[in-house]
Number of protein chains: 2
Amino acid sequence: MMSSMQQDNQKKRDVFKVPASEIRQRTLNIQKELQQNNIDGFFILQRVDLFYFSGTAQNGFLYIPAEGEPVLFIRQYFPRARAESSLNTIIEIKSIKEIPALLNDIYGRIPGVLGFELDILPVNDFYFYRSLIQARDNVDGSPLILKSRMIKSQWEIRQMEKTAELTRQTFSYMQTIIQPGLSEMEFAGMAEIYARKLGHGGQIRTRHYQTEGYPWHVLSGKNSARIGLLDAVASGEGTSAAFPVGAGTKKLKRNEPIMVDMALVLNGYHLDETRMFAIDKMPQKAKDAAQAVIEIHNAVLDKAKPGIALGELFEYSVRTAESKGLATPYLGAPGHKVTFIGHGIGLEIVEPAFIAKNRKEPLEAGMTFALEPKMVFENEFAAGVESVFAVTETGSRLITKIPVEIFIC
Amino acid sequence: MMSSMQQDNQKKRDVFKVPASEIRQRTLNIQKELQQNNIDGFFILQRVDLFYFSGTAQNGFLYIPAEGEPVLFIRQYFPRARAESSLNTIIEIKSIKEIPALLNDIYGRIPGVLGFELDILPVNDFYFYRSLIQARDNVDGSPLILKSRMIKSQWEIRQMEKTAELTRQTFSYMQTIIQPGLSEMEFAGMAEIYARKLGHGGQIRTRHYQTEGYPWHVLSGKNSARIGLLDAVASGEGTSAAFPVGAGTKKLKRNEPIMVDMALVLNGYHLDETRMFAIDKMPQKAKDAAQAVIEIHNAVLDKAKPGIALGELFEYSVRTAESKGLATPYLGAPGHKVTFIGHGIGLEIVEPAFIAKNRKEPLEAGMTFALEPKMVFENEFAAGVESVFAVTETGSRLITKIPVEIFIC
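Residues numbered from 1 in each chain as written. Chains lettered and ligands numbered in written order. Predicted model: local features only at pLDDT ≥ 70, side-chain atom pairs only at ≥ 80, totals over all residues. Heavy atoms only, no water.

1. Comments concerning the interface of chain B and chain A
Facing 67 residues of chain B, the contacting portion of chain A comprises 67 residues. For the pair chain B and chain A, the summed buried surface comes to about 6000 Å²; carbon and sulfur atoms form 48% of the total. Of all residues in chain B, Arg80, Arg196 and Tyr209 of chain B give up the largest surface area on contact with chain A, accounting jointly for 12% of the area buried on that side. Our count for the chain B to chain A interface comes out at eight salt bridges. Summed over the shared surface of chain B and chain A, the result is 42 residue pairs in polar contact (both at pLDDT 80 or more). At the level of elements, α3 (47–54), α4 (78–84), α6 (123–133) and α9 (184–197) of chain B are the ones that each hand at least two residues to the side of chain B that touches chain A. When residues of the side of chain B that touches chain A are assigned to their parent elements, the largest contribution, nine residues, is made by α9 of chain B. When grouped by side-chain class, the residues that make up the side of chain B that touches chain A number 26 nonpolar, 25 polar and 16 charged. (Contact = heavy atoms within 4.5 Å. Buried area = accessible area lost by both parts, 1.4 Å probe. Salt bridge = Lys/Arg side-chain N within 4 Å of Asp/Glu carboxyl O. Polar contact = N/O pair within 3.5 Å; in protein donor to acceptor, adjacent residues only side chain to side chain. Helix = DSSP H or I, 4+ residues; strand = E, 2+ residues; numbered from the N terminus. Nonpolar A, V, L, I, M, F, W, Y, C, P; charged D, E, K, R; others polar.)

As structure tokens, this is what we get:
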């Protein structure tokens, strides 16, 4: 039997850490983008971007020059940042106001053209940092970060596979606990606790301030057809007018379709998956619809190869739905249809690229998507499926480990 | 026995709705601020602000002129916004690009000086809206919103009292389920499910993009002394380097101090409360510390009356800690002390005002605070307490219904 200290040591060895080689490659990738865009350096603030490029999410600021070594300034807590990040230069600071002088000391100058994450940085914060650092020009570097993050390394895909195993077990557990009388919120909560025991990180991360991430998008019966604020086929009931999305207080019933759309996260990497559930029996119309979206999902996956335009995959899914006579419910109630069937996924639950209408960009190896063809029969129910897949050199491969089928429990 | 339809009707009658009188008063309050600051109108985007001034959180945009009727533009979903909001003018739009023409139609002109929420609005979004609406001048109106929201109405305080009843029951439940071997995350999760059955809304809302709200800040034993990225006495272990705050995988043990800092939300209104727990027995040093913070908490409450400066309350708490010989652990480990003991709370978990160092502003009736004196014995444990109170005309009154004591279970 291990002593408590031995167990602690064992645990330490297993601690998740972003490898130094990953950080080096990510740095090189963004530096290439900086050079091509004539940006002298990037001042990275947002926690997820900071974690991506440094390996730590402690309170700090990362400066990546177009050439040379990045420097990580840590306000709090230095020992944790030091343990988590493989970067060579990590400097403890008391105040952000020390940074301009430090940049001058380290690089011999303040960058001329400085990149910021202007897609998420609030105006007041930007004004503050701009006047603090006093670069000649301040530009939006966020597309370069998102472009870098869009292509996942093999190591990142392995992280997502670990999350996929966690979500597989969680969906499997949900099949054993689902029962009439549980509210949507309660059922989702039971699944979440189970997932937390397996390492689920809790917080679902989103990038834009208007997007709220949560792991309890369980919509049952008519609730699954409820339109709402989300750019999704259905928003659900939610818990009040203050938070009118996702699971609500409705209790699950026998013989109704239940759409379980669950996002979970492990070591920062998300999965986002949907399966149709029913207790005892799913009405035939819902079952047919659930089967149809699975067929569309599989057809799209077959076509998802490097080089095909994202918009073409989207259109193909629409044509497939039309060929099944499902143009009306496909992608949402008329007047409220979404114009995408897939979104990139990784350290944030929604990130580029998008399998969406009119997108000309091609699929590239290393992209990871949550593919979610869904449909809504107005005032009746929704049917959908969602899996995460990775684009490979020759095609694509499911990361999701949950069987792509309907769960009758 | 009620039929299902009767139950549905019963439920409908109970549905939470912000009263029209509240919305009218809030509108008048912000309009007074707009007039005093020579702002012609406010373009409100952020979901919580939109909900505060309209009663709905659907996907839309609210324009409040300095004088006259506000107009709510709803992109999706109009029927829900219509049911939730008491505003007279609610217009369904397909695209935000319709708004300038609509403003011209309704008010006869585009506002000259237009307010935006520049404390949270990302730079790119601001540039888009600014060029869309083309006001002569665009200014930061967020301090006016936060000032309005800082003073709660009696109705709002009643909402927070409902949340307080939910949190009381949840803390009571936690005393019955706590046991050695549960991980911090698991214990917090069990409490969350219980709270969800009582109506807990799920999402803890924060304003700034760098602040992540979550309801599982359960830190046990040495974990409760772990410094991290939070502006708090302790950040905890978290679930990985990607999310290094809050509960972690450590299992609860007998005879150790456990700090349970739990935020819950009902109908949009948050509570944020902390109590010290122990299984079987709390070590005497921790018990003394937990008792000391309760005494500081109560002493501050006694002094919390309209007119006293926020900074004076803070300093008084520091003096009280010093008089107990607790200057070293109070407010955090040396070098990592926080400079506040309380924060405003309402539709967001942290909002103005702040009971913090050097704050000259006075306490005002209608302010609501989470008061959280805490201390850290470095590398040992943290002890803290946190209650929510409202400032009344003559003093202050606890909203929190959880007994202010140590829970030995």
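2. Re unusual backbone geometry
Geometrically, the link from Gln76 of chain A to Tyr77 of chain A is a cis peptide bond, its omega value of 15° lying close to zero. Within the fold, Tyr77 of chain A resides in the loop between β3 (71–76) and α4 (78–84). One non-glycine residue with positive phi stands out, namely Asn38 of chain B, at about 55°. Here Asn38 of chain B is to be found in the loop between α2 (20–36) and β1 (41–44). Residue Asn38 of chain B is classed as exposed on the basis of its relative accessible area of 61%. Of note in this structure, Asn379 of chain B is not a glycine but carries a positive phi near 60°. Mapped onto the fold, Asn379 of chain B is located in the loop between β13 (374–377) and β14 (381–384). We classify Asn379 of chain B as exposed; its relative accessible area is 60%. (Buried < 20%, exposed > 50% of the residue type's maximum accessible area, 1.4 Å probe, protein only.)

3. What to know about the sheet that holds strand β15 (residues 387–391) of chain B
All names here are of chain B. Spatial strand order, β11-β10-β12-β15-β16: five strands in an open sheet with antiparallel pairing. Each edge of the open sheet is held by one strand with a lone partner, namely β11 (351–356) and β16 (396–398). If you compare each strand with its neighbour and ignore which way they point, the axes differ by 30° on average. Two elements, strand β10 (residues 340–344) and strand β12 (residues 368–371), share three bridges in a ladder whose sense is antiparallel. Considered in β12, the bridge of Gly344 is made with Phe369. The strands touched by helix α11 (residues 310–323) within the sheet are β10, β11 and β12, with β11 carrying the most contacts at an inclination of about 45°. (Pairing = 2+ DSSP bridges. Axes fitted to C-alpha atoms, helices over the stretch in contact; angles between N-to-C directions.)

4. Points about α9 of chain B
Here α9 of chain B is 14 residues long and its end C-alpha atoms lie 21 Å apart, about the 20 Å a rise of 1.5 Å per residue gives. The buried fraction of α9 of chain B amounts to eleven of the 14 residues, a majority that puts the element mostly inside the structure. Among the residues of α9 of chain B, those classed as buried are Glu184, Met185, Glu186, Phe187, Ala188, Gly189, Ala191, Glu192, Ile193, Ala195 and Arg196 of chain B. Summarising the contacts, the buried residues of α9 of chain B are in contact with α9 (184–197) of chain A together with α8 (154–177), β7 (217–220) and β8 (258–266) of chain B. Of the residues flanking the end of α9 of chain B, it is Gly199 of chain B, one or two places downstream, whose phi is positive at about 115°. (Expected span 1.5 Å × (residues − 1).)

5. Considerations on the relation of the copies chain B and chain A
Of the transformation placing chain B onto chain A, the axial shift is 0.0 Å and the rotation is 180°, giving an RMSD of 0.0 Å. What the rotation and shift describe, once combined, is the action of a two-fold rotation axis. Within chain B, the C-alpha atom positioned nearest to the axis of rotation is that of Pro122 of chain B, 2.0 Å from it. Looking at chain B, 100% of its interface residues are interface residues in chain A too, so the copies touch through the same face. (Least-squares fit on C-alpha atoms with pLDDT ≥ 70 in both.)

6. Looking at the domain arrangement of chain A
All names here are of chain A. For chain A, the assigned domains are domain 1 (4–148) and domain 2 (151–408). Measuring from the centre of the C-alpha atoms in domain 1 to the corresponding centre in domain 2 gives 33 Å. Listed per partner, the contact involves 19 residues of domain 1 and 13 residues of domain 2. Both faces considered, domain 1 and domain 2 share a buried interface measuring about 1300 Å² in area, 58% of it formed by carbon and sulfur atoms. The closest approach of N and O atoms between Asp49 and Arg207, which form a salt bridge, is 2.9 Å. Scanning the region where domain 1 abuts domain 2 turns up six residue pairs in polar contact (both at pLDDT 80 or more). At the level of elements, α2 (20–36), α3 (47–54) and α7 (142–150) are the ones that each hand at least two residues to the side of domain 1 that touches domain 2. Residue contributions to the side of domain 1 that touches domain 2 peak at five residues, all from α3. A breakdown of the residues in the side of domain 1 that touches domain 2 according to their chemical character gives eight nonpolar, three polar and eight charged. (Domains from an automatic or database assignment.)

7. Let's talk about the side chain of Gln76 of chain A
The residue Gln76 of chain A is located in strand β3 in this model. Assessed through its relative accessible area of 14%, Gln76 of chain A is described here as buried. Polar contacts involving the side chain of Gln76 of chain A include one to the main-chain carbonyl oxygen of Gly228 of chain B, which spans 2.8 Å. A polar atom in the side chain of Gln76 of chain A sits 3.1 Å from the side chain of His336 of chain B.

8. Focus: the sheet that holds strand β2 (residues 59–65) of chain B
Residues and elements named next belong to chain B. Spatially, the six strands line up as an open sheet ordered β4-β3-β2-β1-β5-β6, and their pairing is mixed. For this open sheet the edge positions go to β4 (90–92) and β6 (137–140), each flanked by a neighbour on one side alone. Along the sheet, successive strands turn relative to each other by an average axial angle of 25°, direction set aside. Of the strand pairs in this sheet, β2 and strand β3 (residues 71–76) are connected by five bridges, and their pairing is antiparallel. Paired with Leu62 across the strands is Leu72, a residue of β3. Contacts from α3 reach β1, β2 and β3 within the one sheet, and its direction differs from that of β2 by about 60°. The sheet strands contacting α6 are β1, β2, β5 (113–116) and β6, and the helix crosses β5 at an angle near 155°.

9. Brief notes about the pairing of β5 of chain B
Residue and element names in this part refer to chain B. Residue alternation in β5 divides its side chains into two sets, Val113 and Gly115 and Leu114 and Phe116, and both sets are buried. Here β1 runs beside β5; their pairing, made up of two bridges, is parallel. For Gly41, the partnering residue across the bridge sits in β5 and is Leu114. The pairing of β5 with β6 spans four bridges and is classified as parallel. Looking at β6, one finds that Val113 is bridged to Asp137. Once the chain exits β5 it traverses α6 before rejoining the sheet at β6, and the crossover so formed is right-handed. (Right-handed = clockwise from strand over helix to strand, strands pointing away.)

10. With respect to the environment of Arg226 of chain A
Residue position: Arg226 of chain A is located in the loop between β7 (217–220) and β8 (258–266). The class for Arg226 of chain A is partly exposed, based on a relative accessible area of 32%. A sequence separation of 107 residues divides Arg226 of chain A from Ala333 of chain A, and the C-alpha atoms of the two residues are 9.6 Å apart. Dropping the residues within four chain positions of it, Arg226 of chain A is found in contact with Ala234, Ser235, Gly236 and Glu237 of chain A together with Arg80 of chain B.

11. A few points about the environment of Gln35 of chain B
Residue and element names in this part refer to chain B. Inspection of the secondary structure puts Gln35 in helix α2. Gln35 sits 35 residues away from Pro70 along the chain, and the two C-alpha atoms are 15 Å apart. When neighbours within four sequence positions are excluded, Gln35 is seen to be in contact with Ala66 and Glu67. Among the polar contacts made by the side chain of Gln35, one reaches the main-chain carbonyl oxygen of Ala66 at a distance of 2.7 Å.

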